[in-house]
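Structure assessment
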Amino acid sequence: MTRTSTLSASISLHRSRWSRRSITDQLVTMLIWLALIIALTPLVLLLWNVIVQGAPQLNFQFLTWSMRNVVGETGGIAHAIWGTLLITFAATVIAVPIGLMTSIYLVEYAGSNQLGKWIRLMVDVMTGIPSIVAGLFAFALFALFFGPSVRMGFGGAVALSILMIPIVVRSSEEMLSLVPDHLREAAYALGVPKWRTITRVVLPTAASGIITGVTLAIARIIGETAPLLIIAGYTDSVNTNLFSDRMMTLPVFIYYNITKTSPDAELLAQMAWGAAFVLTLIVLALNIIARLAGRWLAPKTG
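Bear in mind that the values here come from a model prediction, so they are computed numbers and not experimental data. (Residues numbered from 1 in each chain as written. Predicted model: local features only at pLDDT ≥ 70, side-chain atom pairs only at ≥ 80, totals over all residues. Heavy atoms only, no water.)

**A few points about the overall build of the protein**
Counting secondary structure elements, the protein contains eleven helices and zero strands. Walking the protein from its N terminus toward its C terminus, one meets helices and strands in the order α-α-α-α-α-α-α-α-α-α-α. In terms of overall dimensions, the protein is more spread out than a globule: its C-alpha atoms have a radius of gyration of 27 Å, far above the 19 Å expected for 302 residues. Taken over the C-alpha atoms alone, the protein extends approximately 100 × 60 × 40 Å along its principal axes. Counting the 302 residues in the protein, one finds 36% classified as buried. Within the protein, the 13 negative side-chain charges are centred at a point lying 14 Å from the centre of the 20 positive side-chain charges. (Helix = DSSP H or I, 4+ residues; strand = E, 2+ residues; numbered from the N terminus. Rg over C-alpha atoms; globule rule 2.2 N^0.38 Å. Buried < 20%, exposed > 50% of the residue type's maximum accessible area, 1.4 Å probe, protein only. Lys, Arg positive; Asp, Glu negative; His and termini not counted. Charge placed at Lys NZ, Arg CZ, Asp CG, Glu CD.)

Given below as structure tokens:
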């Protein structure tokens, strides 16, 4: 009788504990789903608003015309698209080699030495630099050589590269650190030099993650407005020369159209929404290309 009562008590205690665990698990799961819905709601509303107001503006004229000599009618954003692509490409060309080589040094050579610690500290500091400070630095740098009236697309690329470098360094460092050490040791055991181990073993293994990090860095800078307002300027014509004259970009085009006061304010606002939708499509295309490139460059298994 005692054994039966003891067994019944243990079973009831086990059931009560299991019931409490189950309830707690379900409660936490519901809280996680609620947090996810709260986080996604602003994003979904934002994308929906951009699509609804921006997609109707897309047509052949809007994508192929500029605003040169356009008065009282709908022009196009070709000049802003060209400027955005060229400046972003130039910033990527500047930032990716510097960021990647810095991350290689931090992971493969620096270890825990003092220089590596200082570099990591400076990268952390650069990550939090306001974008307008990068624009002011680029303007001050180019003003020393070309005068205070300088405006050029390459200056905007330099400003954006300053914002892009720390992101590339951090993301690439994390990806390189995830490469197993036994791959490096196997290469060293075969007599492969360290530089060739890095280029033939480490980088291909981490290529997918590095490309993803670079894509995130591009998405971070492609919508910047303040640095480009300062150094790249504003124009209504197509300019494909990064080293001469002003160059329009999509963020600056959106800013000017929204803030400009004129009888055509409603028309300009509609064009701004169209430019925002095109900018969103460019970021989406870059992410798709990065995913495909990451799969293609990822080490083959099996």
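**A word on the pattern of salt bridges**
Taken as a whole and assessed by the stated rule, the structure comprises six salt bridges. The residue Asp-181 makes a salt bridge to Arg-184 at a minimum N-O spacing of 3.0 Å. On the criterion of helical spacing, the pair formed by Asp-181 and Arg-184 is a turn pair, its members being three residues apart in helix α7 (residues 181-189). Using a relative accessible area of 7% as the deciding quantity, one classes Arg-184 as buried. In this structure, Arg-220 engages Glu-224 in a salt bridge whose closest nitrogen and oxygen atoms are separated by 2.3 Å. What makes Glu-224 buried here is its relative accessible area of 13%. (Salt bridge = Lys/Arg side-chain N within 4 Å of Asp/Glu carboxyl O.)

**Section: the side chain of Ser-161**
Here Ser-161 lies in helix α6 (residues 153-177). Look past the residues within four positions of Ser-161 in its chain and what remains in contact with it is Ala-91, Ile-94 and Ala-95. (Contact = heavy atoms within 4.5 Å.)

**Overview of the nonpolar core**
If you look at the biggest cluster of nonpolar residues, it comprises 52 residues, and the most contacted ones within it are Ile-77, Ile-87, Met-164, Leu-250 and Phe-253. Elements supplying a minimum of two residues to this core: α3 (78-110), α6, α8 (194-221), α10 (250-259) and α11 (265-297). In terms of residues, this core owes the most to one element, α3, which gives ten residues. Those residues within four positions of Leu-250 in sequence are excluded, and the remaining contacts are Ile-77, Ala-80, Ile-81, Thr-84, Ala-275, Val-278, Leu-279 and Ile-282. Formed by five residues, the second largest nonpolar core is a distinct cluster that contains Phe-142, Val-150, Val-158 and Ile-231. (Core = buried A, V, L, I, M, F, W, Y, C linked by side-chain atoms within 4.5 Å.)

**Concerning the environment of Phe-145**
The residue Phe-145 is located in helix α5 (residues 131-146) in this model. Taking C-alpha positions, Phe-145 is 29 Å from Ala-217, a pair spaced 72 residues apart along the chain.

**Structural notes on the packing of aromatic side chains**
Taken as a whole and judged by the stated rule, the model has five aromatic pairs. With a centroid separation of 6.2 Å and an interplanar angle of 20°, the aromatic rings of Phe-142 and Phe-146 are classed as stacked. In this pair, Phe-142 and Phe-146 both sit in helix α5, four residues apart, roughly one turn of the helix. For Phe-142, a relative accessible area of 8% puts it in the buried group. Here the aromatic cluster, defined as three or more aromatic residues joined through ring pairs, consists of Phe-142, Phe-146, Phe-154 and Phe-243. When the ring centre of Tyr-109 is taken as origin, the NZ or CZ atom of Lys-194, which lies over that ring, is 4.5 Å away. (Phe/Tyr/Trp six-rings, centres within 6.5 Å; stacked < 30°, edge-to-face > 60°. Lys NZ or Arg CZ within 6 Å of the ring centre and 35° of its normal.)

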